[in-house]
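Survey of secondary and tertiary structure
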Amino acid sequence: MNARDEVLRRVRAATTDVTDADPAQDSPIDWIYGRALPTDDVLADFIEKVIDYGATVTRCTADDVARAVADALARLGAASVVLPPGLPESWAEAIGSGVGVLRDDPPLGNADLDVVDAVVTTAAVAMADSGTIALDHTEGQGRRVLSLLPDRHVCVVRADQVVSDVPEGLAVLGPAMRRGRPVTWLSGGSATSDIELTRVEGVHGPRHLAVILAE
Amino acid sequence: MTARRTPEPGSWLGIPPFPKAAPGALDKAEQRRNLRHATTSIREKRAERADEVADWEQLRTAAAQIKDRTLRHLEGYLLEAEGAMTAAGVTVHWARDGAEANRIVTDIAHAKGIDELVKIKSMVTQEIELNEHLEANGIAAWETDLAELIVQLGNDLPSHILVPAIHRNRAEVRDIFEVQMGRYGAPAPAAMTDDPAELSAAARSHLREKFLRARMAVSGANFLVAETGTLVVVESEGNGRMCLTLPETVVSIVGIEKLVPTVEDLEIFLKLLPRSSTGERMNPYTSFWNGPTSGDGPQDLHVILLDNGRTNALADPVGRPALRCVRCSACLNICPVYERVGGHAYGSPYPGPIGAILGPQLRGMDDPKDAALPFASTLCGACNDVCPVRIPITDILVHLRREAVDHKKAGRPSAERVAMKAAEWAMAEGPNLERAQGATQAAGRVLRDRWIGPLPLPVASRWLGARDTAPPAARTFRRWWRDHHDEDDR
Ligand code: SF4
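Along each chain, numbering runs from 1 in the same order as the chain's sequence is written. As they are written, the chains are lettered A onward and the ligands numbered 1 onward, keeping that order. Whole-chain, interface and lining totals are the exception, using all residues; otherwise, since this is a predicted model, local features are given only for residues with pLDDT of at least 70 and side-chain atom pairs are given and counted only at 80 or more. Excluded from the side-chain calculations are hydrogens and water; all other atoms, namely the structure's heavy atoms, are used.

This part takes up the side chain of Thr 122 of chain A. Residue and element names in this part refer to chain A. Of note, Thr 122 is situated in strand S4 (residues 118-122). The buried label applies to any residue whose accessible area, calculated with a 1.4 Å probe on protein chains only, is under 20% of its type's maximum; exposed applies above 50%, and partly exposed to all values in between. By relative accessible area, Thr 122 is classed as buried at 19%. Contacts: residue pairs with any heavy atoms within 4.5 Å of one another. Discounting chain neighbours no more than four positions away, the residues touching Thr 122 are Leu 87, Trp 91, Leu 135, Glu 139, Gly 140, Gln 141, Cys 155 and Val 156. Under the scheme used here, helices are H or I runs from DSSP no shorter than 4 residues and strands are E runs no shorter than 2 residues, and both carry numbers assigned from the N terminus.

As structure tokens, this is what we get:
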């Protein structure tokens, strides 16, 4: 018997006490999925939680995003930045002349990305209660490696993308996941507490996360 | 014999001293102080983050129900997951045991001519001792989680599910990095102090070249969604994302209990796990994938569905809930026994209350070490209350104690049998327990160097005696626990 058949046989033999073949009838689940949290001010909650991770949040109007991106790059001291395909051209134009702009089109090699200071992306959805930003790596969000190797990540989130909590966030992401999109959740920047539980920010991922919230 | 490629790990049969050249290890008292500090601070954070969530108890119930549904109908969900992953372009393998899983990983590496790989922290690969199997087959496996790196470079063993190097202090970490990094890759910076930020930076540059060079990674998975075949890895440092993004090949070893039925089920687990585990609202990074994405990330994905004793636990309706475990480590951090003895005492990669129930279920009771594990508890029940998937840990412990007795019944009355009788009597009613504890305090005083625990359990004393564990003061755990918590309240 091959391993697959043997493991399945063992599983079957181990569950002979289960007589109702319908999982839903046999094992009911007392939970209502996809509910929102009754948060008074979802945006304020999101901002508070993101800042709590040591990331920064800048609020601006939708018209002002290009300038906010350029300001964030300057504040982070980025001398070079990579832009994924799909970002508004005005953002690139607003970036100061002292900052080298690379386009990931055609795709850059990992060695090139490893020495770029910063990346700018958009997001798919943001979850306020845990201060989490989700990327599904479609247009404007870049390949997974883009938001990984550069040291600073400027992430633009639209106010209408911010939901109260994880259940609503997963409801938004469900279709992309069912289409087979890879998804990455970011809650603050890379961090470790492995040495005497002392929190250190920035181990392997970007050491700085700057969120721009466009309203 | 050719030279090893990676540092030789410690053995569960005895921990070799490291670094040999460095000042001697901490004495046990200080190690216990470190451990107590660590577990106290994590469990306080956990409590705070759990309290923030209004429907925490309902989440726990739902999580237990979802896992039970999955386990009771596991064959169907496994087939669904296999189908979804295959359709998404993942190569699905099955492994009856650890040896088979190890062989599959080795074969994939050999077929590609790969002789080194990077690893995401994974309990299951510890369980099957993958690294040593790879080493024996000429493949170097590099741990990339900071704590796992400390353990690996320190020729050491993990002592905690979540923070495997919890027993090491910063000075020891500095010594390990200073001596070992240069032997196995980019050396530590010349003037490195023991500041955790500097040590983390050293790990960042040491590992960066390994990430950029790696052609293959091995991961575990926190969840596997049956419906979509989506794998989920939660982490903090970004080493997981590096492993899941940069190499062309990723092999994920997934215990068959890791399934959940639907994407939406993750809304429950992704709220419970980080808060229970690190005491954060959310862990810094979570990766989801279910097959190769053209032009983005690894193009050759493999999943190994592993049994390795899980169907033993599944076959026992009383023990089955142990398979709900999401490896959050909350039960370790709250456990008075774990806090006293540390992780190595349990003799397996799964320490603490979960280790005491999972070990004997996965491996059986033939090894006396495993048969003794269910006795490594005071049955105080604190673990039951923090477990995010409501595993009735103490019920399973009592059940397994009985099994340990049955296992030996053919022979002469064993120590376990005597112990079991005492335990049953003590647990029958509260006052009995108090009396047993009072009576055994005297024994504790007499057997100071050999005895630990509130119950007259010769097995527990053997279990601990064999593990070079200093006994506590001669007072009961209940009292100790109460005093301890009073201290915390002050
Ligand atoms: S048994 Fe429960 S508390 Fe312990 S590690 Fe598993 S899920 Fe966490």
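That shown, we press on.
This part is about the interface of chain A and chain B. Quoted interface sizes are often the accessible area lost when the parts come together. Each partner contributes residues to the interface: chain A has 79 residues there, and chain B has 90 residues. Across the interface of chain A and chain B, roughly 7200 Å² is buried in total on both sides, 56% from carbon and sulfur atoms. Note on definitions: salt bridges are taken to be side-chain nitrogens of Lys or Arg within 4 Å of carboxyl oxygens of Asp or Glu. Connecting chain A to chain B are 15 salt bridges. The salt bridge partner of Arg 199 of chain A is Glu 280 of chain B, with a shortest N-O separation of 3.4 Å. Pairs of N or O atoms within 3.5 Å make up the polar contacts considered here, provided that, within protein, one atom can donate a hydrogen while the other can accept it, and that residues adjacent in sequence are counted only when both atoms are side-chain atoms. There are 41 residue pairs in polar contact (both at pLDDT 80 or more) connecting chain A and chain B. Of all the secondary structure elements, the ones that give two or more residues to the side of chain A that touches chain B are helix H1 (3-14), helix H2 (23-26), helix H3 (42-52), helix H6 (110-114), helix H7 (166-178), strand S9 (183-186) and strand S10 (191-192) of chain A. With nine residues, H1 of chain A is the single largest residue contributor to the side of chain A that touches chain B. By buried area we mean how much accessible surface two parts lose on assembly, using a 1.4 Å probe and totalling the loss over both.

Next up on the list: the sheet that holds strand S1 (residues 56-60) of chain A. Residue and element names in this part refer to chain A. One open sheet accounts for six strands, arranged S1-S12-S7-S4-S2-S3; its pairing is parallel. Strands at the two margins of the open sheet, each flanked by one partner only, are S1 and strand S3 (100-103). Each strand axis lies, on average, 20 degrees off the axis of its neighbour in the sheet, ignoring direction. Judged from the five bridges that link them, S1 and strand S12 (residues 208-214) form a sheet pairing that is parallel. By the bridge assignment, Cys 60 is partnered in S12 with Ala 214. Strands were regarded as paired on the criterion that DSSP finds at least two bridges between them. Every angle, taken between N-to-C directions, lies between 0 and 180 degrees, and every axis is a line fitted to C-alpha atoms, over only the stretch in contact when it is a helix.

Now for the pairing of strand S10 (residues 300-306) of chain B. Along any regular strand the residues' side chains alternate between the sheet's two faces. Residue and element names in this part refer to chain B. Where burial is concerned, most of S10 is hidden: six out of the seven residues are buried. As defined by bridge partners, strand S1 (residues 91-95) adjoins S10 across five bridges and the pair is classed as parallel. In the sheet register, His 93 faces S10, and the bridge partner there is Ile 304.

Turning to helix H15 (residues 352-363) of chain B, a few remarks are in order. All names here are of chain B. Helix span, expected: 1.5 Å multiplied by one less than the number of residues in the helix. The first and last C-alpha atoms of H15 sit 16 Å apart over 12 residues, in line with the 16 Å expected at 1.5 Å per residue. Most of H15 sits out of view: 11 of its 12 residues are buried. Just past H15, the residue Gly 364 takes up positive phi, approximately 85 degrees.

A few words now on the packing of H1 of chain A against helix H3 (residues 74-87) of chain B. Taken N-terminus to C-terminus, the directions of H1 of chain A and H3 of chain B make an angle of 150 degrees; their axes are 9 Å apart at the nearest point. Classed by the angle they form, the pair H1 of chain A and H3 of chain B counts as roughly antiparallel. Along the contact surface, H1 of chain A presents Arg 4, Leu 8, Val 11 and Arg 12 of chain A, while H3 of chain B presents Leu 74, Glu 75, Leu 78, Leu 79 and Glu 82 of chain B. Across the contact of H1 of chain A with H3 of chain B, the residue classes break down as five nonpolar, no polar and four charged. Our angle categories are set so that under 35 degrees counts as roughly parallel, over 145 as roughly antiparallel, 65 to 115 as roughly perpendicular, and the remainder as oblique. By the convention adopted, Pro, Cys, Tyr, Trp, Phe, Met, Ile, Leu, Val and Ala count as nonpolar, Lys, Arg, Asp and Glu as charged, and the other residues, Gly among them, as polar.

Our next topic: the environment of Arg 183 of chain B. Residue and element names in this part refer to chain B. Structurally, Arg 183 is set in helix H8 (residues 170-184). Remark: the alpha-carbon pair of Arg 183 and Leu 153, spanning 30 residues in sequence, is separated by 9.5 Å. A polar contact of 2.7 Å, which involves the side chain of Arg 183, links it to the side chain of Gln 180.

Turning our attention to the pairing of strand S7 (residues 249-255) of chain B. Residue and element names in this part refer to chain B. For S7, the buried fraction is high: seven of the seven residues fall into the buried class. What you see with S7 is no split at all: Thr 249, Val 251, Ile 253 and Gly 255 on one side and Val 250, Ser 252 and Val 254 on the other are buried throughout. Looking at chain direction, strand S4 (residues 216-219) and S7 are connected through four bridges and run parallel. Pairing of Met 216 across the sheet is with Thr 249, part of S7. Pairing between S7 and S10: seven bridges, direction parallel. Looking at the pairing, Val 250 lines up with Leu 301 of S10.

With that out of the way, let us pick up the packing of aromatic side chains. Pairs were defined over the aromatic rings of Phe, Tyr and Trp, the Trp ring being its six-membered one, requiring ring centres within 6.5 Å. Orientation was assigned from the angle between planes: stacked under 30 degrees, edge-to-face over 60, tilted for the rest. Taken as a whole and assessed by the stated rule, the structure comprises four aromatic pairs over all chains. Geometrically, the ring pair formed by Trp 185 of chain A and Phe 288 of chain B is tilted, given 5.1 Å between the ring centres and 50 degrees between the ring planes. Taken together, the positions of Trp 185 of chain A in strand S9 and Phe 288 of chain B in strand S9 (residues 285-289) put the pair across two chains. A relative accessible area of 0% places Trp 185 of chain A in the buried class. Lying across the ring of Phe 269 of chain B, Lys 67 of chain B places its NZ or CZ 5.8 Å from the centre. A ring has a charge above it when a Lys NZ or an Arg CZ is no more than 6 Å from the ring centre and no more than 35 degrees off the ring normal.

Take the sheet that holds strand S6 (residues 132-135) of chain A next. Strand order in this open sheet of eight strands is S8(A)-S5(A)-S6(A)-S9(A)-S9(B)-S6(B)-S5(B)-S8(B), and the pairing throughout is mixed. In this open sheet, the two strands that pair with only one neighbour each are strand S8 (162-163) of chain A together with strand S8 (259-260) of chain B. Of the strand pairs in this sheet, S9 of chain A and S9 of chain B are connected by four bridges, and their pairing is antiparallel. Bridging across to S9 of chain B, Val 183 of chain A finds its partner in Phe 288 of chain B. Against the sheet, helix H11 (residues 266-277) of chain B engages S9 of chain A together with strand S5 (223-225), strand S6 (230-235), S8 and S9 of chain B, with an angle of about 170 degrees to S5 of chain B.

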